[in-house]
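# Structural features, examined
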Amino acid sequence: MLTASNAPEERLSAAHRARLAYIYVRQSSINQVRHHHESTELQYRLVDRAVGLGWPRERVHVIDEDLGKSGAGSTERAGFQKLIAEIGLGNAGLVVSLDASRLARNNRDWHQLLELCSLFGVLIADGERLYDPGAYHDRLLLGLSGIMSEAELHQIRMRLHQGERQKAARGELRLPIPAGLAHDRSGAIILNPDEEVQARLRLVFAKFRELQSARAVMRYLRANGLPLPVRPLLGPAPHEIVWREADCPRVRNILQNPSYAGAYVYGRRRQDPNRRRPGSTRTGTTKVPVAQWEVCLRAAHPGYIGWEEFIANQKRLADNVSRYEAGHSGVARQGSALLQGIATCGRCGRRMSLRYTGPNGDYPVYCCRADRDHAGGPLCQEVRALPVDALVERILLEALAPDQIAMAVAALGQLDEEARQLDKQWALRRERARYEAERARRQYDAVEPENRLVARSLERTWEEKLRATEAIEQDYARWRRDEPLVLSEVDHGALQVLGENLPRVWHAATTTAAERKRILRFIVHEVVLDQKRAPGQIWFKILWQTGAASEHRLQRRVHTYRDYIDLERLRRRVNELNGAGRMDKEIAATLNREGFIAARGCAFRGENVWLLRKRWGLATVKINGVSANPLRWPDGTYSVQGAAAALGITPQTVFDYLARGWLSGRQLTKGQPWQIELSDNQIIALRARVRHTRRSTKEAS
């Protein structure tokens with residue numbers, strides 16, 4: 001019967017001892033390194049085991065770069081990568097570790113190590129045995145050790161996670177809280193007792209309710225010099241509130257934090273290995289949708305807003321991202337297109353994007369690009385924006401006309417309330433600055449006068465606080481001077497007049513395009529456009545925020561009359577007017593009065609009517625109907641034939657005289673007979689010219 005011995009002297013050879021021995025030392029976390037000193041010392045004492053196996057102490061190298069790092073993966077374990085490199089270079093003869101779990105906690109790294117050790121003839125030792133990865137039974141034992149190590153880590157994680165989740169389900173797991181909340185002595189969550197913190201956060205939610213944009217809230221806070229409270233989670237004092245200048249990420253963090261809605265939430269984020277970048281400790285984390293949060297206990301503690309408002313804020317923040325393919329309208333921007341973000345294609349139901357065309361790139365067009373982007377086909381449809389915007393604007397102003405007085409009163413109240421809120425914010429800032437200056441003074445007074453080393457530092461701090469207080473007082477005085485707290489009677493009267501005349505406010509030069517769009521979105525939810533439903537017109541439906549809907553039609557501009565909105569009615573009307581003896585200019589004026597619009601969106605002119613008559617074969621109306629032209633008209637003017645007879649020339653010569661300016665005449669419109677003015681003196685002079693011309697021609701011949 002064959003037996004395999006495990007005696008060290010039989011497995012070790014001179015070739016092994018000719019190479020180096022490596023001691024791999026690892027602890028899974030910084031907490032273990034700080035508190036589990038015995039385990040770390042035990043691993044360092046493995047150097048004696050390598051010496052006992054025949055290696056000189058100077059040829060035993062310790063790899064301890066992975067202290068405080070988990071063995072679940074090798075991405076950030078520089079020590080393990082160094083060990084693998086030394087084995088691959090043929091420098092290692094022995095690898096010593098306390099057990100398999102210290103080398104790796106996942107089978108991929110563990111079997112990679114075994115394969116390299118087997119290939120390069122490296123032995124593996126733990127605290128009890130010596131293994132040869134090239135031997136079948138030893139490799140089998142090592143493989144089982146790696147499997148048990150990974151399974152042990154999995155079981156530890158499962159127990160810890162289940163215990164943590166059960167504690168979170170009861171709302172007892174203590175999680176980091178934002179700056180607007182605090183723990184009382186019993187551990188319950190309450191609003192931060194600092195009045196300035198509360199007032200600033202309430203202002204953020206109120207302004208987002210009004211402005212509907214996190215960036216707009218940020219700009220408002222910066223314009224008024226209002227910083228935001230922040231509780232840093234890292235650093236020597238993680239529970240102190242610090243004030244930082246407002247920026248978009250900080251405003252969004254406040255709006256997206258469910259704790260401010262009074263909810264206790266666990267599982268807002270999860271790890272995503274696909275998004276993890278090598279070398280970075282802050283990547284690989286993704287946000288979880290609200291519906292997929294593991295634990296969400298509403299009304300668990302006091303909050304600044306309600307849960308319904310929190311959900312509405314999340315929807316608004318997501319909708320502010322301009323993603324037309326996802327149906328997001330995007331925040332109102334400065335472009336001239338009024339329906340930017342809320343225009344929907346009436347043919348495919350997708351959100352319509354926006355592009356600008358024209359010589360100067362300032363003419364907006366709503367376009368549905370879904371078919372082109374997805375299937376490479378033609379555009380679904382394009383709608384010129386300005387005519388539609390003008391009609392929607394008129395419909396909106398008409399709808400708001402009955403509520404103009406109420407809107408003016410609400411605007412006045414909002415301005416007064418905003419002024420009071422800002423004054424309260426300034427009062428809290430001034431109070432905090434005075435408190436910090438007084439606190440610095442008390443610290444300076446408490447120090448012994450002889451201890452100048454400390455007194456000088458406290459004196460500088462006191463002076464800095466006094467200067468900061470003075471700067472805030474000056475800023476407040478400047479703000480009160482530029483922004484009066486109470487509006488005067490003249491301002492009230494002017495705002496009342498503007499509020500009662502909404503179109504004047506809408507078209508005012510100080511009203512920006514973004515403000516018009518925000519007003520529109522308060523009233524209108526969506527506008528569905530379709531210009532292919534009927535020829536020559538744009539059909540659109542307005543979906544109001546109240547849930548009501550209204551349909552409208554608008555004649556659109558076309559290039560040819562083949563696409564005209566109601567060509568038969570136009571043709572019938574032109575034929576009627578032409579049959580009634582109307583001239584082209586008279587027909588054009590009548591069409592304009594009756595609401596007809598030319599193909600290119602402009603008013604009719606005589607030239608348009610003349611072209612249409614030529615296309616439809618309608619004869620020009622004559623002064624004398626269908627009879628031949630008389631020699632003289634009733635007003636005493638001559639026709640072409642009459643002028644030719646009076647002068648003794650041909651009708652063609654009359655046209656030549658008209659072109660040269662020797663004769664003066666007029667036509668009521670193009671195609672009408674000429675009415676030529678001739679006096680007796682002109683007839684005598686022109687006859688003499690004709691006789692002179694004929695005699696000169698005869699003599700020359």
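This text gives an overview of the structure that appears in the document. (Residues numbered from 1 in each chain as written. Predicted model: local features only at pLDDT ≥ 70, side-chain atom pairs only at ≥ 80, totals over all residues. Heavy atoms only, no water.)

### Some remarks on the environment of Met148
Mapping Met148 onto the fold places it in helix 9 (residues 136–169). Of the residues examined, Met148 reaches a relative accessible area of 57% and is grouped as exposed. On a C-alpha basis, the gap between Met148 and Arg105 in space is 9.1 Å, while along the polypeptide they are 43 residues apart. (Helix = DSSP H or I, 4+ residues; strand = E, 2+ residues; numbered from the N terminus. Buried < 20%, exposed > 50% of the residue type's maximum accessible area, 1.4 Å probe, protein only.)

### Some words on the layout of surface pockets
Considered as a void within the structure, the second largest pocket measures approximately 1700 Å³ in volume. What lines the second largest pocket is a set of 47 residues, among which Pro176, Leu233, Asn257, Arg268 and Arg269 lie closest to the centre. Breaking the lining of the second largest pocket down by element, the ones donating at least two residues are strand 6 (181–183), strand 8 (228–230), helix 12 (248–256), strand 10 (264–266), strand 11 (269–271) and strand 12 (285–287). Looking at the lining of the second largest pocket element by element, the count peaks at 4 residues for helix 12. (1 Å grid on protein atoms, 1.4 Å probe; cavity = no way out; pocket = protein on both sides within 12 Å on 5 of 7 lines; lining within 4 Å. Points joined across faces, edges and corners; volume = space filled by probe spheres on them.)

### Points about a nonpolar patch on the surface
A cluster of nonpolar side chains, Tyr136, Leu140, Leu141, Leu144 and Ile147, forms an exposed patch at the surface whose accessible area comes to about 500 Å². By the secondary structure assignment, Tyr136 is in helix 9. (Patch = residues over 30% accessible without salt bridge, like charges linked within 9 Å, V, L, I, M, F, W, Y side chains within 5 Å. Areas by Shrake-Rupley, 256 points an atom, 1.4 Å probe, with all protein chains shown as cover. Salt bridge = Lys/Arg side-chain N within 4 Å of Asp/Glu carboxyl O.)

### Re helix 24 (residues 640–647)
The element helix 24 is extensively covered by neighbouring structure, given that 6 of its 8 residues are classed as buried. Restricting attention to buried positions, one finds in helix 24 the residues Val640, Gly642, Ala643, Ala644, Ala646 and Leu647. Directly after helix 24, the chain includes Gly648, whose backbone phi takes a positive value near 75°.

### Observations concerning the packing of aromatic side chains
Summed over the entire model, instances satisfying the criterion amount to 6 aromatic pairs. Arranged with centres 6.3 Å apart and planes meeting at 80°, the rings of Tyr24 and Phe80 form a pair that is edge-to-face. Note that Tyr24 is positioned in strand 1 (residues 20–27) and Phe80 in helix 6 (residues 78–88), a separation of 56 residues in sequence. Across the pair, Phe80 and Tyr24 agree in class, each one buried. One aromatic cluster in this structure is built from Phe205, Tyr260 and Tyr304. When the ring centre of Tyr476 is taken as origin, the NZ or CZ atom of Arg430, which lies over that ring, is 4.3 Å away. (Phe/Tyr/Trp six-rings, centres within 6.5 Å; stacked < 30°, edge-to-face > 60°. Lys NZ or Arg CZ within 6 Å of the ring centre and 35° of its normal.)

All quantities given are derived from atomic positions and should not be read as evidence of function.
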